[in-house]
Protein chains: 2
Amino acid sequence: METENAKTPKNDPAGQAQMRKGVLELCILCVLSEKDAYPSEIIEAMKDSKLIVVEGTLYPLLMRLKNEGRLAYEWKESTSGPPRKYYKLTPSGKELLQELYSSWNELVGSVDQIVKKYSSHIL
Amino acid sequence: METENAKTPKNDPAGQAQMRKGVLELCILCVLSEKDAYPSEIIEAMKDSKLIVVEGTLYPLLMRLKNEGRLAYEWKESTSGPPRKYYKLTPSGKELLQELYSSWNELVGSVDQIVKKYSSHIL
DNA sequence: TTTACTACTATGCATTGCATGGTATTAAAA
DNA sequence: TTTTAATACCATGCAATGCATAGTAGTAAA
């Protein structure tokens, strides 16, 4: 019968976008573990490590983490524009950071194992 | 106004599921780079590296890769049950494997950089 | 014939990255 | 004062994927 399901994706040719899923959350919590920051600061910090994040990604993510109780924020005045929302980790947010960190390390370990096992056929 | 958008997720507490997105594709292509295999074999190979994959995930993924021309398959008889679909990499599939491999290494590099930068606050 | 096992297929949901467009506040320019 | 630009935050909808769930079908054993 030869069914034709599972449509083919359109963009994201090298799969970068999909691989980022779940990882941005870890990175953002990481950045906030050092000091409170407002969105643009977070974007800059990520960019320094070649992880480009845009507003359309970051704002919903911060909103979600705040709704989950992982983050809190407070308004602070700015000398050059409108006031800013400074986000900070809550205790629950620190727990999540630990968990995500563990998950990430596990994943890297697993993938590395597979890649190394078959690397002779890749290179 | 304090809008309440960005609903909170329900399961997947430590974010493992989300982090796997895009990575399974790399791993499956990796496994197939060594030798042709049918779905259950792939699942076993992944399990050896602690990457649990289930049918509901694997079959649609194989179907998609085949529709994209990354994989091909041929039926082979089995001594203990119905015939099996043996999947193999096409040239295009080998290219994708290279690209995903690069993307993965870049991502790991970026995340490592962020995590290391702030690791004193995590531990 | 019935049961159990293996293998493949189909459907729908939840989550997240992101494109897009919008609103509000402040400061500088005209 | 009014206009413009820059900064910052918010809302909506789409695309993609992992996975739960349920179904179909072929083979072999009871």
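Scroll up to find the structure.
Reading the values: the criteria
- Within each chain, residues carry numbers counting from 1 in the order of the written sequence.
- Labels are handed out in written order, letters beginning with A for the chains and numbers beginning with 1 for the ligands.
- With pLDDT at 70 or above as the cut-off, local features in this predicted model cover only qualifying residues; side-chain atom pairs require 80 or more to be listed or tallied, and sums for whole chains, interfaces and linings still use all residues.
- With hydrogens and water set aside, each side-chain value is computed from the structure's full complement of heavy atoms.
- Here the copies are superposed with least squares, the fitted atoms being C-alpha atoms of residues at a pLDDT of at least 70 in both.
- Any pair of residues with heavy atoms lying within 4.5 Å of one another is described as a contacting pair.
- Helix and strand assignments follow DSSP, with helices taken as H or I runs no shorter than four residues and strands as E runs no shorter than two, numbered in order from the N terminus.
- Only protein chains enter the accessibility calculation, which uses a 1.4 Å probe. A residue is then buried if its area is under 20% of the maximum for its type, exposed if over 50%, and partly exposed in between.
- In this description, buried area is defined as the sum, over both parts, of the accessible area (probe of 1.4 Å) that is lost when the two are combined.
- The rule for a salt bridge is simple: a side-chain nitrogen of Lys or Arg has to be within 4 Å of a carboxyl oxygen of Asp or Glu.
- Any residue that is not Ala, Val, Leu, Ile, Met, Phe, Trp, Tyr, Cys, Pro, Asp, Glu, Lys or Arg is counted as polar, Gly included; the first ten are nonpolar and the last four charged.
- Each axis is a line fitted through C-alpha atoms, taken for helices only over the stretch in contact, and angles between the N-to-C directions span 0 to 180 degrees.
- In this scheme the crossing of two helices becomes right-handed for a clockwise turn of the near helix relative to the far one and left-handed for an anticlockwise turn of less than a right angle.
- By convention a nonpolar core is built from buried Ala, Val, Leu, Ile, Met, Phe, Trp, Tyr and Cys residues, the set being connected through side-chain atoms within 4.5 Å.
- Two cysteine sulfurs form what is called a disulfide whenever their separation falls within 2.5 Å.

Asker: I tried to follow the relation of the copies chain B and chain A on my own but got confused; where do I start?
Answerer: The operation relating the two chain copies consists of a rotation about an axis and a shift along that axis. Screw-axis analysis of chain B against chain A gives a translation of 0.0 Å along the axis, an RMSD of 0.1 Å, and a rotation angle of 180°. Classification of the inter-copy transformation places it as that of a two-fold axis. Mapped onto chain A, 100% of the interface residues of chain B again fall at the interface, so both copies present the same surface.

Asker: Where do I start with unusual backbone geometry in this structure?
Answerer: As a rule of thumb, non-glycine residues mostly have phi less than zero, and peptide bonds are mostly trans rather than cis. Phi at A:Lys50 takes a positive value of approximately 65°, unusual for a residue other than glycine. Position of A:Lys50 relative to the elements: it lies in the loop between α3 (39-48) and α4 (55-67).

Asker: Would you mind showing me how to read the side chain of A:Ser110 here?
Answerer: Along the chain, A:Ser110 turns up in helix α5 (residues 91-122). With a relative accessible area of 8%, A:Ser110 lands in the buried category. Contacts of A:Ser110, omitting those with residues within four sequence positions, involve B:Ser49, B:Lys50 and B:Leu51.

Asker: Is there a simple way to think about the interface of chain B and chain A in this case?
Answerer: Frequently, the measure chosen for interface size is the accessible area removed from exposure when the parts meet. Taken together, the 58 residues of chain B in the interface contact 58 residues of chain A. For the chain B and chain A pair, buried surface summed over both sides reaches about 5,100 Å², with 66% attributable to carbon and sulfur atoms. For the chain B face of the interface with chain A, the top three residues by lost area are B:Met19, B:Ile114 and B:Ile122, together amounting to 14%. Summed over the shared surface of chain B and chain A, the result is zero salt bridges. For the side of chain B that touches chain A, the secondary-structure elements that each account for two or more residues are α1 (16-19), α2 (23-34), α3 (39-48), α4 (55-67) and α5 (91-122) of chain B. No other element matches the 20 residues that α5(B) contributes to the side of chain B that touches chain A. Its residues assigned to classes, the side of chain B that touches chain A shows 29 nonpolar, 15 polar and 14 charged.

Asker: What exactly am I supposed to notice about the pattern of salt bridges here?
Answerer: Note on pairing: side chains with opposite charge can pair once their charged atoms come close. All names here are of chain A. For the structure shown, the criterion picks out twelve salt bridges over all chains. Between arginine 64 and glutamate 68 there is a salt bridge, and its shortest N-O distance comes to 3.3 Å. One network of salt bridges, with partners in common, ties together Glu25, Arg64, Glu68 and Arg70.

Asker: Please clarify how the packing of helix α2 (residues 23-34) of chain A against α5(B) should be interpreted in this entry.
Answerer: A pair of packed helices can be characterised by two numbers: the angle between their axes and the separation between those axes. At a minimum axis distance of 8 Å, the contact between α2(A) and α5(B) shows a crossing angle of 30°. Considering only the axes of α2(A) and α5(B), their crossing is left-handed. Where α2(A) approaches α5(B), its residues A:Val23, A:Leu26, A:Cys27, A:Cys30, A:Val31, A:Ser33 and A:Glu34 are matched on the opposing element by B:Leu107, B:Val111, B:Ile114, B:Val115, B:Tyr118, B:His121 and B:Ile122.

Asker: For this particular structure, what's the right way to read the nonpolar core?
Answerer: Taken as a class, soluble globular proteins show a tendency for nonpolar side chains to be buried jointly. A:Met46, A:Trp104, A:Val111, B:Met46, B:Trp104 and B:Val111 are the most contacted members of the largest nonpolar core, which has 73 residues in total. In contact with B:Val111, not counting residues within four places along its chain, are A:Val23, A:Leu26, A:Cys27, A:Leu51 and A:Trp104.

Asker: What should I look at first to understand the state of the cysteines in this one?
Answerer: A covalent bond between the sulfur atoms of two cysteines is what we call a disulfide. Going through the model one piece at a time under the given rule, you end up with zero disulfides over all chains. As a non-bridged cysteine, A:Cys27 has A:Cys30 as the owner of its nearest cysteine sulfur, 6.5 Å distant.

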